[in-house]
Amino acid sequence: MATLAPSVAAVRAAVRRVLTEVRPPRGATGPAPLVLVACSGGADSLALATATAFVAPRLGLRAGLVTVDHGLQPGSAQRAAEVAGWGERIGLDPVQVATVSVAGRPGGPEAAAREARYQALVEVARRHDAAAVLLGHTRDDQAETVLLALARGSGPRGLAGMPVRRRAGGVLLLRPLLEVSREQTRKACAALGLTPWEDPHNVDPTYARARVRAEVMPTLVRALGAGTVENLARTAALLAADTAALDALAADALEGA
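What counts, and where the lines are drawn
- Residues numbered from 1 in each chain as written.
- Predicted model: local features only at pLDDT ≥ 70, side-chain atom pairs only at ≥ 80, totals over all residues.
- Heavy atoms only, no water.
- Phe/Tyr/Trp six-rings, centres within 6.5 Å; stacked < 30°, edge-to-face > 60°.
- Lys NZ or Arg CZ within 6 Å of the ring centre and 35° of its normal.
- Helix = DSSP H or I, 4+ residues; strand = E, 2+ residues; numbered from the N terminus.
- Contact = heavy atoms within 4.5 Å.
- Axes fitted to C-alpha atoms, helices over the stretch in contact; angles between N-to-C directions.
- Parallel < 35°, antiparallel > 145°, perpendicular 65-115°, else oblique.
- Nonpolar A, V, L, I, M, F, W, Y, C, P; charged D, E, K, R; others polar.
- Salt bridge = Lys/Arg side-chain N within 4 Å of Asp/Glu carboxyl O.
- Buried < 20%, exposed > 50% of the residue type's maximum accessible area, 1.4 Å probe, protein only.

Visitor: It is not clear to me how the packing of aromatic side chains should be interpreted in this structure. Could you clarify?
Guide: Aromatic ring pairs are defined here through the distance separating the ring centres and the angle between the ring planes. Summed over all chains, the structure comprises zero aromatic pairs. The ring of phenylalanine 54 is capped by arginine 12, whose NZ or CZ atom sits 3.6 Å from the centre of that ring. The cationic tip of arginine 166 hangs over the ring face of tyrosine 118; the distance from NZ or CZ to the ring centre is 5.4 Å.

Visitor: What's the story with the environment of glutamine 184 in this structure? I'm lost.
Guide: Considering the arrangement of structural elements, one finds glutamine 184 in helix H7 (residues 182-191). When the C-alpha positions of glutamine 184 and alanine 10 are compared, they lie 7.8 Å apart, and in sequence the two are 174 residues distant. For glutamine 184, the contacting residues outside a window of four places in its chain are Ser7 and Ala10.

Visitor: Hey, could you run me through the packing of helix H5 (residues 139-151) against helix H8 (residues 208-224) in this one?
Guide: Two packed helices can be described by the angle between their axes and the distance between those axes. It is the contact of H5 with H8, at a shortest axis distance of 10 Å, that shows an interaxial angle of 95 degrees. When the axis of H5 is compared with that of H8, the two are roughly perpendicular. Residues Asp141, Ala143, Glu144, Thr145, Leu147 and Leu148 of H5 form the contact with H8, whose own contacting residues are Ala208, Arg209, Val212, Arg213, Val216, Met217 and Leu220. A per-class count over the contact of H5 with H8 returns eight nonpolar, one polar and four charged.

Visitor: Honestly, the packing of H5 against helix H9 (residues 228-256) in this entry has me stumped. Any pointers?
Guide: In the contact formed by H5 and H9, the axes pass within 8 Å of each other and the chain directions differ by 70 degrees. For the element pair H5 / H9, the angle class is roughly perpendicular. Counted together, Arg139, Asp140, Gln142, Ala143, Val146 and Leu147 of H5 and Val229, Glu230, Leu232, Ala233 and Ala236 of H9 form the full contact between these two elements. Partitioned by chemical class, the residues of the contact of H5 with H9 number seven nonpolar, one polar and three charged.

Visitor: What is the right way to read the pattern of salt bridges from this model?
Guide: According to the stated counting rule, one finds eight salt bridges in the structure shown. In this structure, glutamate 21 and arginine 165 form a salt bridge, with 2.8 Å as the shortest nitrogen-oxygen distance. With glutamate 21 in the loop between helix H1 (6-19) and strand E1 (34-38) and arginine 165 in strand E5 (residues 165-168), this pair connects stretches of sequence that are 144 residues apart. A relative accessible area of 40% places glutamate 21 in the partly exposed class. Judged by relative accessible area, which is 42%, arginine 165 ranks as partly exposed. Here arginine 157 ties to aspartate 247 by a salt bridge, and the two come within 3.1 Å at their closest N and O atoms. With arginine 157 in helix H6 (residues 156-159) and aspartate 247 in helix H9, this pair connects stretches of sequence that are 90 residues apart.

Here it is, written out as structure tokens:
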């Protein structure tokens, strides 16, 4: 029997933990709930999609894929089609390419692309009555988010980073990989024989997050140690829990006032 690579096991375990909350109850009848994976073709989302394709059916769920073509780079439509074709080959269904227009949206290019992407994901999820959309943000992404929030002078809510779960337009968004490192997703792809797409925007110094990823975070790790990324991500989790508790206390106080 082949030994499962630790990186593949780590991604599958993370997906299983999060999907457990949307699995149908024992003995439920009717169609299995659908979860959609947002997949760009990068290492994080490829690892997430393959893990979901494996885990979801074992929890009584169906799994599909949606890839967003922002139209910002030459060949983006072809790449989206390739990601969609790959999703179909590994058994994800439905699979859909969502083409969006970023031009004319408020904010900088990062914010405009993000708004367009989430709008498309929500629309596809509604169209297919999906129980949730899974996003491939990792622990490294969370640590970068905390650093960016610190630089902007954010309060506890901003420093809480990206939540594991939130609703957008009535659609549940889940981030299973916030406790998984970017390196683990790359190792998982290598173990599975997958070749991730490298988004040139991730190394473009025009973008603040790319500068944090390429310059700031490596400097902090060299100065403060290898645990820096994990510690920053843990800070986000602690502040998220504090913020949720304070919100609950405030709601109770308001109701009793």
